[in-house]
Amino acid sequence: MKITIIGTGYVGLVTGACLAELGNDVFCLDVDQRKIDLLNNGGIPIHEPGLEEVVARNRAAGRLQFSTDVAASVAHGQLQFIAVGTPPDEDGSADLQYVLAAARNIGRHMDGYKVIVDKSTVPVGTADRVAAALREELRHRGEESMEFAVVSNPEFLKEGAAVEDFMRPDRIVIGHDDSPAGQRARDVMKLLYAPFNRNHERVYWMDVRSAEFTKYAANAMLATRISFMNELANLADQVGADIEAVRHGIGSDPRIGHSFLYAGAGYGGSCFPKDVQALERTARQYDQELLILRAVEAVNDRQKQVLGRKVVQRFGEDLTGMTFAVWGLAFKPNTDDMREAPSRVLLKELIERGASVAVHDPVAMEEAQRVLALDLSDAQLARVAFRKTPMEALDGAEALVIVTEWKAFRSPDFEQIKARLKHPVIIDGRNLFEPPLMTGLGIEYHGIGRSVLTGK
Ligand SMILES: NC(=O)C1=CN([C@@H]2O[C@H](COP(=O)(O)OP(=O)(O)OC[C@H]3O[C@@H](n4cnc5c(N)ncnc54)[C@H](O)[C@@H]3O)[C@@H](O)[C@H]2O)C=CC1
Ligand SMILES: O=C(O)[C@H]1O[C@H](OP(=O)(O)OP(=O)(O)OC[C@H]2O[C@@H](n3ccc(=O)[nH]c3=O)[C@H](O)[C@@H]2O)[C@H](O)[C@@H](O)[C@@H]1O
(Lines give C-alpha, C1' and ligand atoms only; values in the text may rest on other atoms or scores of the structure.)
(Ligands and ions follow the chains in the order given, each with its own letter.)
Protein backbone atom coordinates (compact mmCIF):
# COMPACT_ATOMS: atom_id res chain seq x y z
CA MET A 1 0.00 0.00 0.00
CA LYS A 2 1.09 3.60 -0.50
CA ILE A 3 1.52 5.27 2.86
CA THR A 4 2.56 8.74 3.97
CA ILE A 5 3.88 9.34 7.47
CA ILE A 6 3.77 12.95 8.63
CA GLY A 7 6.40 13.53 11.33
CA THR A 8 9.59 11.46 11.24
CA GLY A 9 10.34 11.31 14.98
CA TYR A 10 10.41 8.24 17.25
CA VAL A 11 6.94 7.09 16.29
CA GLY A 12 6.88 8.26 12.68
CA LEU A 13 10.25 6.82 11.76
CA VAL A 14 9.61 3.48 13.45
CA THR A 15 6.10 3.24 11.94
CA GLY A 16 7.35 4.18 8.48
CA ALA A 17 10.34 1.84 8.56
CA CYS A 18 8.34 -1.11 9.92
CA LEU A 19 5.49 -0.67 7.44
CA ALA A 20 8.06 -0.51 4.62
CA GLU A 21 9.62 -3.71 5.98
CA LEU A 22 6.28 -5.42 5.31
CA GLY A 23 6.39 -4.39 1.67
CA ASN A 24 4.49 -1.10 1.76
CA ASP A 25 5.67 1.94 -0.20
CA VAL A 26 6.30 4.59 2.48
CA PHE A 27 6.91 8.33 2.18
CA CYS A 28 8.12 9.99 5.42
CA LEU A 29 7.64 13.73 5.68
CA ASP A 30 9.16 16.10 8.21
CA VAL A 31 9.49 19.87 8.53
CA ASP A 32 12.98 19.44 9.97
CA GLN A 33 15.29 19.68 6.94
CA ARG A 34 18.35 18.55 8.95
CA LYS A 35 16.59 15.37 10.05
CA ILE A 36 15.53 14.58 6.49
CA ASP A 37 19.05 15.29 5.14
CA LEU A 38 20.55 13.03 7.80
CA LEU A 39 18.16 10.20 6.91
CA ASN A 40 18.77 10.67 3.18
CA ASN A 41 22.50 10.39 3.86
CA GLY A 42 22.07 7.06 5.66
CA GLY A 43 22.10 8.51 9.20
CA ILE A 44 19.61 7.91 12.03
CA PRO A 45 18.50 10.75 14.31
CA ILE A 46 17.66 8.56 17.33
CA HIS A 47 19.19 5.60 19.12
CA GLU A 48 16.76 2.71 18.78
CA PRO A 49 17.93 -0.92 18.65
CA GLY A 50 17.47 -2.51 15.21
CA LEU A 51 16.07 0.62 13.56
CA GLU A 52 19.14 1.55 11.55
CA GLU A 53 19.16 -1.81 9.75
CA VAL A 54 15.43 -1.69 8.92
CA VAL A 55 15.75 1.86 7.57
CA ALA A 56 18.84 1.04 5.51
CA ARG A 57 17.32 -2.14 4.07
CA ASN A 58 14.09 -0.47 3.00
CA ARG A 59 15.73 2.67 1.64
CA ALA A 60 17.94 0.46 -0.49
CA ALA A 61 14.89 -1.46 -1.68
CA GLY A 62 13.24 1.82 -2.69
CA ARG A 63 10.29 1.33 -0.31
CA LEU A 64 11.17 4.11 2.12
CA GLN A 65 11.80 7.74 1.21
CA PHE A 66 12.31 10.89 3.28
CA SER A 67 11.33 14.38 2.20
CA THR A 68 10.16 17.83 3.27
CA ASP A 69 7.94 18.16 0.19
CA VAL A 70 4.39 18.54 1.54
CA ALA A 71 2.56 18.40 -1.81
CA ALA A 72 4.44 15.24 -2.81
CA SER A 73 3.72 13.64 0.58
CA VAL A 74 -0.02 14.24 0.28
CA ALA A 75 -0.04 12.97 -3.29
CA HIS A 76 1.80 9.78 -2.29
CA GLY A 77 -0.36 7.93 0.21
CA GLN A 78 -4.01 7.04 0.36
CA LEU A 79 -3.16 6.53 4.02
CA GLN A 80 -1.86 9.65 5.72
CA PHE A 81 -0.48 8.92 9.19
CA ILE A 82 -0.14 11.92 11.50
CA ALA A 83 2.75 11.17 13.88
CA VAL A 84 3.87 14.64 14.90
CA GLY A 85 4.61 15.70 18.47
CA THR A 86 1.87 16.67 20.94
CA PRO A 87 3.93 18.40 23.64
CA PRO A 88 2.35 19.81 26.77
CA ASP A 89 1.01 23.32 26.49
CA GLU A 90 1.67 25.77 29.33
CA ASP A 91 -1.38 24.49 31.23
CA GLY A 92 -0.49 20.80 30.73
CA SER A 93 -3.01 20.12 27.97
CA ALA A 94 -1.76 18.58 24.71
CA ASP A 95 -0.64 21.20 22.22
CA LEU A 96 -2.35 20.27 18.97
CA GLN A 97 -0.80 22.90 16.70
CA TYR A 98 1.41 20.40 14.84
CA VAL A 99 -1.42 17.89 14.42
CA LEU A 100 -3.76 20.53 13.04
CA ALA A 101 -1.05 21.97 10.78
CA ALA A 102 -0.55 18.49 9.34
CA ALA A 103 -4.31 18.15 8.81
CA ARG A 104 -4.49 21.49 7.00
CA ASN A 105 -1.63 20.50 4.71
CA ILE A 106 -3.55 17.40 3.70
CA GLY A 107 -6.69 19.47 3.05
CA ARG A 108 -4.72 21.93 0.92
CA HIS A 109 -3.25 19.30 -1.39
CA MET A 110 -5.44 16.19 -1.46
CA ASP A 111 -7.07 15.25 -4.75
CA GLY A 112 -9.14 12.20 -3.82
CA TYR A 113 -10.24 9.90 -0.98
CA LYS A 114 -7.75 9.77 1.90
CA VAL A 115 -7.67 7.97 5.22
CA ILE A 116 -6.13 10.21 7.85
CA VAL A 117 -4.73 8.16 10.72
CA ASP A 118 -4.16 9.93 14.04
CA LYS A 119 -1.13 8.07 15.41
CA SER A 120 0.01 10.86 17.71
CA THR A 121 -1.32 10.70 21.26
CA VAL A 122 -4.19 13.18 21.17
CA PRO A 123 -7.02 14.10 23.55
CA VAL A 124 -10.51 12.74 23.07
CA GLY A 125 -12.27 14.75 20.39
CA THR A 126 -9.15 15.51 18.34
CA ALA A 127 -10.26 13.46 15.34
CA ASP A 128 -13.25 15.81 15.03
CA ARG A 129 -10.91 18.80 15.11
CA VAL A 130 -8.65 17.22 12.49
CA ALA A 131 -11.69 16.60 10.28
CA ALA A 132 -12.90 20.19 10.78
CA ALA A 133 -9.47 21.66 9.89
CA LEU A 134 -9.28 19.53 6.79
CA ARG A 135 -12.84 20.33 5.71
CA GLU A 136 -12.14 24.03 6.10
CA GLU A 137 -9.17 23.78 3.73
CA LEU A 138 -11.26 21.82 1.24
CA ARG A 139 -13.95 24.48 1.46
CA HIS A 140 -11.40 27.20 0.63
CA ARG A 141 -10.58 25.23 -2.48
CA GLY A 142 -14.24 24.68 -3.34
CA GLU A 143 -13.72 20.93 -2.91
CA GLU A 144 -15.99 20.34 0.09
CA SER A 145 -17.49 17.20 -1.41
CA MET A 146 -14.12 15.40 -1.52
CA GLU A 147 -14.34 12.31 0.70
CA PHE A 148 -12.02 11.45 3.58
CA ALA A 149 -12.11 9.68 6.94
CA VAL A 150 -10.20 10.29 10.14
CA VAL A 151 -9.38 7.21 12.19
CA SER A 152 -7.63 6.93 15.53
CA ASN A 153 -4.81 4.39 15.74
CA PRO A 154 -2.80 5.19 18.89
CA GLU A 155 0.70 3.84 19.27
CA PHE A 156 1.81 1.76 22.26
CA LEU A 157 5.49 1.17 21.46
CA LYS A 158 8.16 1.69 24.13
CA GLU A 159 11.37 3.53 23.41
CA GLY A 160 14.36 1.21 23.45
CA ALA A 161 12.19 -1.65 22.14
CA ALA A 162 10.28 0.30 19.52
CA VAL A 163 10.91 -1.89 16.46
CA GLU A 164 10.14 -5.07 18.38
CA ASP A 165 6.98 -3.55 19.89
CA PHE A 166 5.78 -2.31 16.52
CA MET A 167 6.41 -5.60 14.75
CA ARG A 168 4.89 -7.73 17.53
CA PRO A 169 2.20 -5.58 19.09
CA ASP A 170 0.12 -6.81 22.05
CA ARG A 171 -2.81 -5.07 20.46
CA ILE A 172 -3.71 -2.68 17.68
CA VAL A 173 -6.45 -0.22 18.55
CA ILE A 174 -8.41 1.34 15.72
CA GLY A 175 -11.26 3.79 16.14
CA HIS A 176 -13.46 4.70 13.18
CA ASP A 177 -16.94 6.10 12.66
CA ASP A 178 -19.86 4.44 10.95
CA SER A 179 -20.23 6.82 8.01
CA PRO A 180 -19.63 5.32 4.53
CA ALA A 181 -16.18 7.01 4.48
CA GLY A 182 -15.50 5.55 7.97
CA GLN A 183 -16.52 2.06 6.87
CA ARG A 184 -14.29 2.34 3.83
CA ALA A 185 -11.43 3.44 6.12
CA ARG A 186 -12.01 0.35 8.24
CA ASP A 187 -11.43 -1.84 5.18
CA VAL A 188 -8.22 0.02 4.32
CA MET A 189 -6.94 -0.34 7.91
CA LYS A 190 -7.91 -4.01 7.98
CA LEU A 191 -5.77 -4.64 4.93
CA LEU A 192 -2.87 -2.62 6.31
CA TYR A 193 -2.75 -4.53 9.59
CA ALA A 194 -3.55 -7.96 8.18
CA PRO A 195 0.10 -9.15 8.48
CA PHE A 196 0.04 -8.41 12.24
CA ASN A 197 -3.18 -10.24 12.78
CA ARG A 198 -2.56 -13.68 11.28
CA ASN A 199 -2.74 -15.97 14.26
CA HIS A 200 -4.38 -13.95 16.97
CA GLU A 201 -7.19 -11.49 17.09
CA ARG A 202 -4.99 -8.52 17.94
CA VAL A 203 -7.00 -5.69 16.43
CA TYR A 204 -9.56 -3.95 18.63
CA TRP A 205 -12.13 -2.01 16.63
CA MET A 206 -14.03 0.74 18.40
CA ASP A 207 -15.42 4.21 18.01
CA VAL A 208 -12.94 7.05 17.57
CA ARG A 209 -13.33 8.65 21.00
CA SER A 210 -12.84 5.36 22.82
CA ALA A 211 -9.66 4.71 20.82
CA GLU A 212 -8.32 8.15 21.70
CA PHE A 213 -9.20 7.57 25.35
CA THR A 214 -7.64 4.07 25.38
CA LYS A 215 -4.18 5.51 24.77
CA TYR A 216 -4.38 7.87 27.76
CA ALA A 217 -5.97 5.21 29.94
CA ALA A 218 -3.10 2.80 29.19
CA ASN A 219 -0.34 5.27 30.02
CA ALA A 220 -2.19 6.55 33.08
CA MET A 221 -2.63 2.99 34.39
CA LEU A 222 1.06 2.18 33.89
CA ALA A 223 2.14 5.42 35.55
CA THR A 224 -0.22 4.65 38.44
CA ARG A 225 1.37 1.24 39.02
CA ILE A 226 4.81 2.82 39.16
CA SER A 227 3.84 5.60 41.56
CA PHE A 228 1.98 3.09 43.72
CA MET A 229 5.09 0.93 44.04
CA ASN A 230 7.36 3.92 44.62
CA GLU A 231 5.17 5.15 47.43
CA LEU A 232 5.13 1.68 49.02
CA ALA A 233 8.92 1.40 48.56
CA ASN A 234 9.45 4.55 50.61
CA LEU A 235 7.24 3.08 53.32
CA ALA A 236 9.10 -0.25 53.08
CA ASP A 237 12.32 1.67 53.82
CA GLN A 238 10.68 2.99 56.98
CA VAL A 239 9.02 -0.15 58.24
CA GLY A 240 11.85 -2.51 57.38
CA ALA A 241 10.33 -4.50 54.52
CA ASP A 242 11.85 -5.41 51.15
CA ILE A 243 9.89 -3.97 48.22
CA GLU A 244 11.41 -6.57 45.86
CA ALA A 245 9.97 -9.39 47.96
CA VAL A 246 6.67 -7.56 48.04
CA ARG A 247 6.77 -7.12 44.25
CA HIS A 248 7.16 -10.88 43.76
CA GLY A 249 4.55 -11.55 46.39
CA ILE A 250 1.84 -9.48 44.76
CA GLY A 251 2.85 -10.00 41.11
CA SER A 252 2.17 -13.72 41.33
CA ASP A 253 -1.53 -12.89 41.58
CA PRO A 254 -2.61 -12.97 37.91
CA ARG A 255 -5.05 -10.16 38.61
CA ILE A 256 -2.05 -7.99 39.45
CA GLY A 257 0.73 -9.50 37.26
CA HIS A 258 4.47 -8.93 37.45
CA SER A 259 4.94 -6.20 34.85
CA PHE A 260 5.58 -2.56 35.58
CA LEU A 261 5.90 -2.90 39.34
CA TYR A 262 9.52 -1.83 39.69
CA ALA A 263 10.15 0.81 42.30
CA GLY A 264 12.86 3.22 41.22
CA ALA A 265 13.90 6.82 40.77
CA GLY A 266 10.57 7.86 39.26
CA TYR A 267 9.20 7.63 35.73
CA GLY A 268 10.47 9.96 33.02
CA GLY A 269 10.37 10.10 29.25
CA SER A 270 8.32 12.01 26.75
CA CYS A 271 5.02 10.29 27.44
CA PHE A 272 3.97 9.32 30.97
CA PRO A 273 4.53 12.78 32.47
CA LYS A 274 2.81 14.61 29.62
CA ASP A 275 -0.02 12.13 29.09
CA VAL A 276 -0.96 11.96 32.79
CA GLN A 277 -1.08 15.75 32.83
CA ALA A 278 -3.06 15.96 29.60
CA LEU A 279 -5.69 13.51 30.85
CA GLU A 280 -6.06 15.51 34.06
CA ARG A 281 -6.47 18.60 31.93
CA THR A 282 -9.17 16.98 29.79
CA ALA A 283 -11.07 16.05 32.96
CA ARG A 284 -10.88 19.60 34.23
CA GLN A 285 -12.46 20.83 31.00
CA TYR A 286 -15.46 18.72 32.02
CA ASP A 287 -15.36 20.03 35.63
CA GLN A 288 -14.04 16.75 36.90
CA GLU A 289 -10.91 16.23 38.94
CA LEU A 290 -8.92 13.02 38.51
CA LEU A 291 -7.74 12.63 42.09
CA ILE A 292 -5.79 9.44 41.53
CA LEU A 293 -3.79 10.90 38.67
CA ARG A 294 -3.04 14.06 40.60
CA ALA A 295 -1.52 11.86 43.29
CA VAL A 296 0.35 9.75 40.72
CA GLU A 297 2.00 12.89 39.45
CA ALA A 298 2.81 14.26 42.91
CA VAL A 299 4.31 10.95 44.02
CA ASN A 300 6.45 10.86 40.88
CA ASP A 301 7.74 14.41 41.38
CA ARG A 302 8.75 13.44 44.90
CA GLN A 303 10.29 10.16 43.75
CA LYS A 304 12.59 11.91 41.32
CA GLN A 305 14.18 13.47 44.41
CA VAL A 306 14.69 10.15 46.19
CA LEU A 307 18.32 9.67 45.12
CA GLY A 308 19.27 13.22 46.09
CA ARG A 309 17.56 12.63 49.44
CA LYS A 310 19.53 9.43 50.02
CA VAL A 311 22.81 11.20 49.19
CA VAL A 312 21.98 13.96 51.67
CA GLN A 313 21.00 11.44 54.38
CA ARG A 314 24.37 9.74 53.97
CA PHE A 315 26.72 12.67 53.22
CA GLY A 316 24.98 15.69 54.75
CA GLU A 317 23.23 18.75 53.33
CA ASP A 318 26.36 20.59 52.30
CA LEU A 319 28.15 18.63 49.59
CA THR A 320 30.73 21.30 48.77
CA GLY A 321 34.01 19.83 47.59
CA MET A 322 32.59 16.33 47.15
CA THR A 323 32.32 14.43 43.86
CA PHE A 324 29.71 11.78 43.09
CA ALA A 325 29.85 9.21 40.32
CA VAL A 326 26.56 8.83 38.41
CA TRP A 327 25.85 5.85 36.14
CA GLY A 328 23.00 6.26 33.68
CA LEU A 329 21.51 9.51 32.39
CA ALA A 330 18.81 8.47 29.88
CA PHE A 331 15.28 8.17 31.32
CA LYS A 332 15.51 4.39 30.71
CA PRO A 333 17.97 1.97 29.11
CA ASN A 334 18.46 1.49 25.35
CA THR A 335 17.64 5.07 24.46
CA ASP A 336 19.45 8.40 24.36
CA ASP A 337 16.24 10.19 25.33
CA MET A 338 16.76 12.60 28.23
CA ARG A 339 13.23 14.03 28.35
CA GLU A 340 12.03 14.26 31.97
CA ALA A 341 14.88 11.95 33.00
CA PRO A 342 15.24 11.51 36.80
CA SER A 343 19.03 12.00 36.35
CA ARG A 344 18.37 15.67 35.58
CA VAL A 345 16.71 16.21 38.96
CA LEU A 346 19.54 14.39 40.77
CA LEU A 347 22.35 16.27 39.01
CA LYS A 348 20.72 19.63 39.66
CA GLU A 349 20.30 18.87 43.34
CA LEU A 350 23.87 17.59 43.83
CA ILE A 351 25.33 20.57 42.01
CA GLU A 352 23.18 23.10 43.82
CA ARG A 353 24.45 21.59 47.08
CA GLY A 354 28.03 22.29 46.00
CA ALA A 355 29.07 18.86 44.67
CA SER A 356 30.73 17.93 41.40
CA VAL A 357 29.63 14.90 39.40
CA ALA A 358 31.39 12.44 37.12
CA VAL A 359 28.82 10.83 34.84
CA HIS A 360 28.64 7.99 32.37
CA ASP A 361 25.90 6.74 30.06
CA PRO A 362 26.47 4.23 27.24
CA VAL A 363 24.60 6.28 24.62
CA ALA A 364 23.01 9.42 26.08
CA MET A 365 26.10 11.52 26.85
CA GLU A 366 25.82 13.78 23.81
CA GLU A 367 22.12 14.37 24.37
CA ALA A 368 22.81 14.88 28.11
CA GLN A 369 25.33 17.61 27.34
CA ARG A 370 22.67 19.36 25.29
CA VAL A 371 19.88 19.20 27.88
CA LEU A 372 22.08 19.85 30.92
CA ALA A 373 23.17 23.10 29.27
CA LEU A 374 19.48 24.08 29.54
CA ASP A 375 19.12 22.92 33.18
CA LEU A 376 22.37 24.33 34.58
CA SER A 377 24.35 27.56 34.43
CA ASP A 378 27.75 27.52 32.69
CA ALA A 379 29.52 27.50 36.05
CA GLN A 380 27.36 24.59 37.23
CA LEU A 381 27.88 22.68 33.98
CA ALA A 382 31.62 22.99 34.47
CA ARG A 383 31.18 20.73 37.50
CA VAL A 384 29.83 17.88 35.35
CA ALA A 385 32.57 15.62 33.99
CA PHE A 386 31.51 13.22 31.22
CA ARG A 387 33.50 9.98 31.48
CA LYS A 388 34.01 7.47 28.66
CA THR A 389 33.65 4.37 30.85
CA PRO A 390 31.66 3.63 34.01
CA MET A 391 34.86 2.85 35.91
CA GLU A 392 36.53 6.15 35.00
CA ALA A 393 33.58 8.00 36.54
CA LEU A 394 34.38 6.46 39.94
CA ASP A 395 37.88 7.82 40.49
CA GLY A 396 37.97 9.96 43.61
CA ALA A 397 34.18 10.02 44.02
CA GLU A 398 32.59 9.72 47.47
CA ALA A 399 30.00 7.22 46.24
CA LEU A 400 28.34 5.75 43.16
CA VAL A 401 24.73 6.67 42.36
CA ILE A 402 22.92 4.53 39.75
CA VAL A 403 19.99 6.15 37.93
CA THR A 404 19.41 4.02 34.79
CA GLU A 405 19.44 0.22 34.66
CA TRP A 406 21.65 -0.30 31.60
CA LYS A 407 22.59 -3.99 31.18
CA ALA A 408 26.28 -3.05 31.24
CA PHE A 409 25.89 -1.93 34.87
CA ARG A 410 24.48 -5.23 36.12
CA SER A 411 27.69 -7.19 36.66
CA PRO A 412 30.41 -4.66 37.38
CA ASP A 413 33.78 -5.45 38.92
CA PHE A 414 32.89 -4.66 42.54
CA GLU A 415 36.51 -4.84 43.73
CA GLN A 416 37.39 -2.14 41.23
CA ILE A 417 34.41 -0.06 42.34
CA LYS A 418 35.62 -0.28 45.94
CA ALA A 419 39.19 0.54 44.98
CA ARG A 420 38.24 3.59 42.92
CA LEU A 421 35.65 5.17 45.23
CA LYS A 422 36.65 7.06 48.36
CA HIS A 423 34.00 5.14 50.32
CA PRO A 424 32.51 1.81 49.26
CA VAL A 425 28.99 3.25 48.95
CA ILE A 426 26.44 2.50 46.21
CA ILE A 427 23.11 4.33 46.09
CA ASP A 428 21.08 2.35 43.58
CA GLY A 429 17.96 3.95 42.12
CA ARG A 430 17.03 0.79 40.19
CA ASN A 431 17.63 -2.03 42.69
CA LEU A 432 20.15 -3.77 40.44
CA PHE A 433 21.92 -5.74 43.15
CA GLU A 434 21.04 -8.02 46.02
CA PRO A 435 21.71 -6.23 49.31
CA PRO A 436 23.15 -9.25 51.21
CA LEU A 437 25.60 -9.82 48.35
CA MET A 438 26.71 -6.22 48.61
CA THR A 439 27.16 -6.48 52.36
CA GLY A 440 29.23 -9.61 51.80
CA LEU A 441 31.47 -7.66 49.43
CA GLY A 442 31.94 -4.92 52.01
CA ILE A 443 29.81 -2.42 50.11
CA GLU A 444 27.42 -0.08 51.86
CA TYR A 445 24.34 -0.44 49.69
CA HIS A 446 21.28 1.81 49.58
CA GLY A 447 18.52 0.55 47.30
CA ILE A 448 14.93 1.75 46.95
CA GLY A 449 12.64 0.17 49.53
CA ARG A 450 15.17 -2.44 50.67
CA SER A 451 16.44 -1.07 53.97
CA VAL A 452 15.45 -4.22 55.89
CA LEU A 453 18.26 -6.09 54.14
CA THR A 454 20.93 -3.49 54.73
CA GLY A 455 19.90 -2.28 58.16
CA LYS A 456 19.89 1.30 56.89
N1 LIG B 1 8.08 8.45 21.75
C2 LIG B 1 7.32 7.43 22.06
O3 LIG B 1 7.80 6.43 22.59
C4 LIG B 1 5.87 7.44 21.77
C5 LIG B 1 5.22 8.60 21.37
N6 LIG B 1 3.87 8.60 21.13
C7 LIG B 1 3.19 9.79 20.67
O8 LIG B 1 3.50 9.98 19.28
C9 LIG B 1 3.58 11.37 18.96
C10 LIG B 1 4.94 11.68 18.35
O11 LIG B 1 5.92 11.45 19.35
P12 LIG B 1 7.46 11.33 18.99
O13 LIG B 1 7.63 10.53 17.76
O14 LIG B 1 8.16 10.91 20.22
O15 LIG B 1 7.81 12.86 18.65
P16 LIG B 1 9.13 13.47 18.03
O17 LIG B 1 9.28 14.82 18.60
O18 LIG B 1 10.25 12.50 18.12
O19 LIG B 1 8.77 13.60 16.46
C20 LIG B 1 7.81 14.46 15.94
C21 LIG B 1 8.28 14.91 14.55
O22 LIG B 1 7.23 15.62 13.89
C23 LIG B 1 7.83 16.65 13.10
N24 LIG B 1 6.79 17.62 12.72
C25 LIG B 1 6.19 18.57 13.47
N26 LIG B 1 5.26 19.22 12.76
C27 LIG B 1 5.23 18.67 11.53
C28 LIG B 1 4.47 18.89 10.35
N29 LIG B 1 3.50 19.81 10.30
N30 LIG B 1 4.74 18.14 9.27
C31 LIG B 1 5.69 17.19 9.29
N32 LIG B 1 6.44 16.93 10.38
C33 LIG B 1 6.22 17.65 11.49
C34 LIG B 1 8.93 17.17 13.99
O35 LIG B 1 9.89 17.90 13.25
C36 LIG B 1 9.48 15.86 14.57
O37 LIG B 1 10.52 15.33 13.78
C38 LIG B 1 3.28 12.11 20.26
O39 LIG B 1 1.92 12.40 20.30
C40 LIG B 1 3.62 11.08 21.33
O41 LIG B 1 2.89 11.28 22.52
C42 LIG B 1 3.12 7.46 21.26
C43 LIG B 1 3.71 6.28 21.63
C44 LIG B 1 5.13 6.17 21.91
O1 LIG C 1 3.02 6.64 25.01
C2 LIG C 1 4.21 6.42 24.96
O3 LIG C 1 5.02 7.16 24.46
C4 LIG C 1 4.77 5.16 25.53
O5 LIG C 1 5.03 5.39 26.93
C6 LIG C 1 5.63 4.30 27.61
O7 LIG C 1 6.87 3.94 27.01
P8 LIG C 1 8.26 4.69 27.36
O9 LIG C 1 7.97 6.04 27.91
O10 LIG C 1 9.08 4.58 26.12
O11 LIG C 1 9.00 3.83 28.44
P12 LIG C 1 8.58 2.82 29.61
O13 LIG C 1 9.33 1.57 29.44
O14 LIG C 1 7.13 2.71 29.75
O15 LIG C 1 9.17 3.56 30.88
C16 LIG C 1 8.68 4.83 31.29
C17 LIG C 1 9.33 5.22 32.60
O18 LIG C 1 8.81 4.41 33.65
C19 LIG C 1 9.88 3.87 34.42
N20 LIG C 1 9.46 2.55 34.97
C21 LIG C 1 8.95 1.61 34.14
C22 LIG C 1 8.52 0.40 34.64
C23 LIG C 1 8.60 0.15 36.03
O24 LIG C 1 8.21 -0.92 36.56
N25 LIG C 1 9.12 1.11 36.82
C26 LIG C 1 9.55 2.32 36.33
O27 LIG C 1 10.02 3.18 37.11
C28 LIG C 1 11.05 3.79 33.46
O29 LIG C 1 12.27 3.79 34.16
C30 LIG C 1 10.86 5.05 32.63
O31 LIG C 1 11.42 6.17 33.28
C32 LIG C 1 4.69 3.08 27.48
O33 LIG C 1 5.30 1.95 28.12
C34 LIG C 1 4.40 2.76 26.02
O35 LIG C 1 3.46 1.70 25.93
C36 LIG C 1 3.81 4.01 25.36
O37 LIG C 1 3.58 3.79 23.98
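No experiment lies behind these values; they were computed from the predicted model shown.

A.B. asks: Pulling in residues and values, what's your account of the site of ligand 1?
C.D. replies: Lining the immediate environment of ligand 1, one finds 24 residues, of which Val11, Asp30, Lys35, Thr86 and Lys274 sit closest. A distance of 2.9 Å separates an oxygen atom of ligand 1 from a polar backbone atom of valine 11. Glutamate 159 is positioned such that a nitrogen or oxygen atom in its side chain is 3.0 Å from a nitrogen atom of ligand 1. A total of 840 Å² of accessible area belongs to ligand 1 in isolation, and the protein chains cover 88% of it.

A.B. asks: Go over helix H10 (residues 243–251) with me, naming the residues and quoting the values.
C.D. replies: Within H10, burial applies to Ile243, Glu244, Arg247 and Gly251. Down the axis of H10, the buried set is contained in an arc of 105°. They therefore lie on one face. At its buried positions, H10 is contacted by helix H9 (208–239). Of the residues that open H10, the one with a side-chain oxygen 3.1 Å from the backbone nitrogen of glutamate 244 is aspartate 242.

A.B. asks: I'd like a description of the side chain of serine 270, backed by residues and values.
C.D. replies: With respect to the secondary-structure elements, serine 270 resides in the loop between H10 and helix H11 (272–285). For serine 270, a relative accessible area of 16% translates into the label buried. Setting aside residues up to four positions removed in sequence, serine 270 forms contacts with Glu159, Asp337 and Arg339.

A.B. asks: Account for the nonpolar core, with residues named and values stated.
C.D. replies: In globular proteins that are soluble, nonpolar side chains generally tend to be buried together. Among the nonpolar cores identified, the biggest contains 59 residues, and Leu307, Phe324, Val326, Trp327, Leu400, Ile417 and Ile426 are the most heavily contacted of them. Those residues in contact with phenylalanine 324 that sit more than four places away from it in its chain are Val311, Phe315, Leu319, Leu350, Ala355, Ser356, Val357, Ala358, Ala397, Glu398 and Ala399. Core analysis: the next-biggest nonpolar cluster, separate from the first, contains 42 residues, Leu39, Val115, Ile174 and Ala185 among them.

A.B. asks: Before we move on, can you summarise the confidence of the model for the protein with the specific residues and values?
C.D. replies: Counting all residues, the mean pLDDT for the protein is 96, and 98% of those residues have values of 70 or more. Both scores are given for the predicted complex: the pTM is 0.95, the ipTM 0.98.

A.B. asks: Lay out the side chain of asparagine 153 in plain terms, naming residues and giving numbers.
C.D. replies: Within the secondary structure, asparagine 153 is located in the loop between strand S6 (148–152) and helix H7 (162–167). Taking relative accessible area as the criterion, asparagine 153 reaches 1% and is therefore assigned buried. Within the structure, asparagine 153 has its side chain in polar contact with the backbone oxygen of valine 173 (distance 3.1 Å). Leave out the neighbours within four places in its chain, and asparagine 153 touches Phe81, Val117, Asp118, Lys119, Ile172, Val173, Ile174, Met189 and Tyr193.

A.B. asks: An account of the UniProt feature "domain: UDP-glucose/GDP-mannose dehydrogenase C-terminal" (unreviewed entry) in the protein is requested, with residue identities and associated values reported.
C.D. replies: Taking the UniProt record as the reference, the feature "domain: UDP-glucose/GDP-mannose dehydrogenase C-terminal" (unreviewed entry) is found at residues 325–435. In the segment residues 325–435, helix accounts for 35% and strand for 17%; the C-alpha atoms at its two ends are 20 Å apart.

A.B. asks: How would you explain the sheet that holds strand S14 (residues 444–446) if you had to name every residue and give the values?
C.D. replies: Within the open sheet, the 6 strands sit side by side as S11-S10-S9-S12-S13-S14. Their pairing is parallel. Strands at the two margins of the open sheet, each flanked by one partner only, are strand S11 (384–386) and S14. Between one strand axis and the next, the sheet turns through 20° on average, direction left out of account. Packed onto the sheet, helix H13 (residues 306–315) meets strand S9 (323–327), strand S12 (399–402), strand S13 (425–428) and S14 and runs at close to 155° relative to S13.

Calculation criteria
Residues numbered from 1 in each chain as written. Chains lettered and ligands numbered in written order. Predicted model: local features only at pLDDT ≥ 70, side-chain atom pairs only at ≥ 80, totals over all residues. Heavy atoms only, no water. Near = heavy atom within 4 Å. Polar contact = N/O pair within 3.5 Å; in protein donor to acceptor, adjacent residues only side chain to side chain. Areas by Shrake-Rupley, 256 points an atom, 1.4 Å probe, with all protein chains shown as cover. Buried < 20%, exposed > 50% of the residue type's maximum accessible area, 1.4 Å probe, protein only. Helix = DSSP H or I, 4+ residues; strand = E, 2+ residues; numbered from the N terminus. Arc of directions from axis to C-beta. Contact = heavy atoms within 4.5 Å. Core = buried A, V, L, I, M, F, W, Y, C linked by side-chain atoms within 4.5 Å. pLDDT = per-residue confidence, 0-100. UniProt positions renumbered as here; feature names shortened; annotations may be inferred. Pairing = 2+ DSSP bridges. Axes fitted to C-alpha atoms, helices over the stretch in contact; angles between N-to-C directions.

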